[in-house]
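Residues per chain are reported as follows:
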Amino acid sequence: MMQDADPSVQAWLRQFKWALGSIPAPESDEILAEVESHLRETLAGGRVVEAALGQFGAPEAYARQFVDEMRLSRALGSQRESEMLGLVAQRAHRSLFAAAAGLALAVCAALFAIALGMAVLKLLDPVHVGVWRSTGGLLLGKIDDPAAATDLLGMWLAPVAVVVMCLAWFGGRVVLLQSVRAIARHERRSPRNLP
Amino acid sequence: MGDKPFENSQILKGLCELALLSLLQGRAHYGIEILQRLRADAGIDIADGTIYPLLHRLAKADFVRSEWVIDEAGGRPRKYYELTPVGRAELALQVEQWQRLSGALNRFLSRTGK
């Protein structure tokens, strides 16, 4: 790092290097070396330190652009649920679209969990668990007196639950993939430190 | 008036990539040189820091490739970027899209009271 540079430039570069920490070493070293080379050259050209650093903004915010892009590329490249979910969760607090996608994913996850729970309960207690219709309306789950209500699905509950689980999983994956693609379209068309 | 740099960030968004790809089709450039050319020739006045995340992303997308070169005059290491064949295809696509959009918009803006 620029040992001969102004202390504030050294401090900026130190914080920048630290903030790039989640990017693997050869790649983060390249980014750091390029920014360092840029600063060295502009300072040698007569630009004052504050103006040179001001062109990059806060080191953490600047590093986040590289880190965000790395996560985005990784999620788009692998299309693994864990990486796509991590990306949507990370963007949820600063993007309305990602927050809406997070809500849709929560609905899919809730549907999946309810269907799974119902399927398991039906297998454990086929007499008392079902989708019941009684004088009080519709009820999903376990009742004490099966004779007081009509089981609408009977043993079909388990296969129906499996279908719901598949739909929730597929729907969640479509939401995830489309969300990540939309985030990429938005962020890649919007450089963040324009004048 | 015509040479005044664009100051509207909304208009600049998305144009940086197109201008950058177009710039690199001629020969390899390094960061500061790219900024100077974009400002002087394309009227795109962006902050210095904007260029490196963009170059980094274009390199990941295989649109550009880079190489460190020691500048003979000053002995400084500089990272030069040049367009790849994939980048040339992307540039052709973006130019075609931009020309179609700007042509339609120009016709719309120059309509006479219709």
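Model, not experiment: these values are computed from the prediction. (Residues numbered from 1 in each chain as written. Chains lettered and ligands numbered in written order. Predicted model: local features only at pLDDT ≥ 70, side-chain atom pairs only at ≥ 80, totals over all residues.)

## A look at the overall build of chain A
Now for step 1: Looking only at helices and strands, chain A features seven helices and three strands.
Now for step 2: In chain A, the order of α-helices and β-strands from amino to carboxyl end is α-α-α-α-α-α-β-β-β-α.
Now for step 3: Here the C-alpha radius of gyration of chain A, 27 Å, is well above what a compact globule of 195 residues would show, namely 16 Å.
Now for step 4: Dimensions along the principal axes, computed over C-alpha positions, put chain A at roughly 90 × 30 × 25 Å.
Now for step 5: When contacts within chain A are restricted to residue pairs at least 6 apart in sequence, those whose partners lie at least 24 apart make up 58%. (Helix = DSSP H or I, 4+ residues; strand = E, 2+ residues; numbered from the N terminus. Rg over C-alpha atoms; globule rule 2.2 N^0.38 Å. Contact = placed C-beta atoms within 7 Å.)

## Digging into the sheet that holds strand β1 (residues 129-134) of chain A
Residue and element names in this part refer to chain A.
Now for step 1: Spatial ordering of the open sheet is given by β2-β1-β3, a layout of three strands whose pairing is antiparallel. Two strands lie at the open edges of the sheet, namely β2 (137-142) and β3 (150-151), each paired on one side alone.
Now for step 2: Bridge count for β1 against β2 is six bridges, and the pairing is antiparallel. What sits directly across from Ser-134, in β2, is Gly-137. (Pairing = 2+ DSSP bridges.)

## Some thoughts on the interface of chain B and chain A
How big an interface is tends to be stated in terms of the accessible area lost upon association of its parts.
Now for step 1: Each partner contributes to the interface: chain B provides 24 residues, whereas chain A provides 23 residues.
Now for step 2: Among the secondary structure elements, those contributing two or more residues to the side of chain B that touches chain A are α1 (9-12), α3 (31-42), α4 (51-60) and β3 (77-83) of chain B.
Now for step 3: Per element, the largest residue contribution to the side of chain B that touches chain A is six residues, and it comes from α4 of chain B.

## A look at the packing of helix α2 (residues 15-24) of chain B against α3 of chain B
Residues and elements named next belong to chain B.
Now for step 1: Packing of α2 against α3 leaves a shortest axis separation of 11 Å and a crossing angle of 105°. Comparing the axis directions of α2 and α3 gives the class roughly perpendicular. The segment α2 lies against α3, with Ala-19, Leu-20 and Leu-23 engaging Ile-34, Arg-37, Leu-38 and Ala-42.
Now for step 2: Along the lines of polarity and charge, the residues of the contact of α2 with α3 split into six nonpolar, no polar and one charged. (Axes fitted to C-alpha atoms, helices over the stretch in contact; angles between N-to-C directions. Parallel < 35°, antiparallel > 145°, perpendicular 65-115°, else oblique. Nonpolar A, V, L, I, M, F, W, Y, C, P; charged D, E, K, R; others polar.)

## Quick word on the confidence of the model for chain B
Now for step 1: A residue-level look at chain B finds 88% of positions with pLDDT of 70 or above and a mean pLDDT of 88.
Now for step 2: With pTM at 0.75, the complex prediction returns an ipTM value of 0.84. (pLDDT = per-residue confidence, 0-100.)

## Brief notes about the environment of Ala-5 of chain A
Now for step 1: Along the chain, the position of Ala-5 of chain A falls in the segment before α1 (7-19).
Now for step 2: Distance in space between the C-alpha atoms of Ala-5 of chain A and Leu-39 of chain A is 9.6 Å, their sequence separation being 34 residues.

## Some thoughts on the nonpolar core
Now for step 1: Leu-24 and Val-64 of chain B are the most contacted members of the largest nonpolar core, which has 33 residues in total.
Now for step 2: Counting only elements with at least two residues in this core, the list comes to α1, α2 (25-44), α3 (49-54) and α4 (59-78) of chain A together with α2, α3, α4 and β3 of chain B.
Now for step 3: Ranked by residue count, the leading element in this core is α2 of chain B, at five residues.
Now for step 4: In this structure, Val-64 of chain B is in contact with Leu-24, Leu-55, Leu-58, Ala-59, Tyr-81, Glu-82, Leu-83, Thr-84 and Gly-87 of chain B, ignoring residues within four places of it in sequence.
Now for step 5: Val-88, Ala-98, Val-175 and Ile-183 of chain A belong to the second largest nonpolar core, which has 20 residues in total. (Core = buried A, V, L, I, M, F, W, Y, C linked by C-beta atoms within 7 Å. Buried ≥ 20, exposed ≤ 12 C-beta atoms within 10 Å, placed from the backbone.)

## Notes on the sheet that holds strand β1 (residues 29-30) of chain B
Residues and elements named next belong to chain B.
Now for step 1: Across the sheet, three strands lie side by side as β1-β3-β2; this open sheet has antiparallel pairing. Both outer strands of the open sheet, β1 and β2 (64-70), are each paired with one neighbouring strand and no more.
Now for step 2: Here α4 sits on the sheet in contact with β2 and β3, set at roughly 120° to β2.

## Let's talk about the packing of helix α6 (residues 96-124) of chain A against helix α7 (residues 157-188) of chain A
For any two helices packed against each other, the geometry is given by the interaxial angle and the distance between the axes.
Residues and elements named next belong to chain A.
Now for step 1: At their nearest, the axes of α6 and α7 sit 8 Å apart, and the two run at 165° to each other. Taken together, the axes of α6 and α7 are roughly antiparallel relative to one another. Seen along the crossing, α6 lies across α7 with a hand that is left-handed.
Now for step 2: Residue composition of the contact of α6 with α7, grouped by class: 26 nonpolar, three polar and one charged. (Left-handed = near helix turned anticlockwise from the far one by under 90°.)

## With respect to the domain arrangement of chain A
Residues and elements named next belong to chain A.
Now for step 1: Splitting chain A by domain gives domain 1 (1-78) and domain 2 (79-195).
Now for step 2: Spacing between the C-alpha centres of domain 1 and domain 2 amounts to 41 Å.
Now for step 3: On the side of domain 2, twelve residues touch domain 1, which itself brings nine residues to the contact.
Now for step 4: Of the residues assigned to the side of domain 1 that touches domain 2, the class counts are three nonpolar, three polar and three charged. (Domains from an automatic or database assignment.)

## Comments concerning α7 of chain A
Residue and element names in this part refer to chain A.
Now for step 1: Helix length check: α7, at 32 residues, gives a terminal C-alpha distance of 46 Å against a target of 46 Å (1.5 Å per residue), a fit within 8%.
Now for step 2: Taken together, the buried positions of α7 are Leu-157, Ala-161, Ala-168, Gly-172, Val-175, Leu-176, Ser-179, Val-180 and Ile-183.
Now for step 3: Structurally, α7 contributes buried residues whose contacts are with α4, α5 (81-91), α6 and β1. (Expected span 1.5 Å × (residues − 1).)

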